Amino acid sequence: MASTSAAASRGNGDVGRPSQYLIVFSLFLLRSKGCYGKVGCIEREREALLQFKRGVDDDFGMLSSWGNGEDERGCCINWKGVECENNTGHVISLDLHGKPLAEMGDPHFLGGKIGPSLAELQHLRHLNLSWNLFQE
């Protein structure tokens, strides 16, 4: 009987160890995706958004969450008005509508020109640039 309980205790120790490795490996996979477990932006699309930002007048700081300098390397899924598809990281929605003077609170809007960089967002399903003062 002693040999049976010794084998059982060895077996229980072996069973716990693989599950510990599985937990550690799962945490590693979540961490390696970055951006709090979500897939980060596609580099080409992130750069297209930054080119758009550089081409518009943002006097009210609507795009301030999009970073500046080193911060621009971050995940665009955390940028205001940008929605990315969770599994692929593609930008699927861009909602940058302005707020007119008639609404309560402070107005805010973008100006300048809309450059061709938004054409890089090929998976875009929703685009709202209403109530802004873009030039032709």
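Residues numbered from 1 in each chain as written. Predicted model: local features only at pLDDT ≥ 70, side-chain atom pairs only at ≥ 80, totals over all residues. Heavy atoms only, no water.

(A) Quick look at the packing of aromatic side chains. Across all of its chains, the model carries three aromatic pairs by this definition. Note on Phe 52 and Trp 66: the rings are 6.4 Å apart at their centroids and 45° apart in plane angle, and the pair reads as tilted. With Phe 52 in helix α2 (residues 43–55) and Trp 66 in the loop between β1 (56–57) and β2 (82–84), this residue pair connects regions lying 14 residues apart in the sequence. Overall, the relative accessible area of 1% leaves Phe 52 in the buried class. With a centroid separation of 4.9 Å and 55° between ring planes, the pair formed by Phe 60 and Phe 109 is classed as tilted. Residue Phe 60 is found in the loop between β1 and β2, and its partner Phe 109 is found in the loop between β3 (91–95) and β4 (111–112); the two are separated by 49 residues along the sequence. Of the residues examined, Phe 109 reaches a relative accessible area of 25% and is grouped as partly exposed. (Phe/Tyr/Trp six-rings, centres within 6.5 Å; stacked < 30°, edge-to-face > 60°. Helix = DSSP H or I, 4+ residues; strand = E, 2+ residues; numbered from the N terminus. Buried < 20%, exposed > 50% of the residue type's maximum accessible area, 1.4 Å probe, protein only.)

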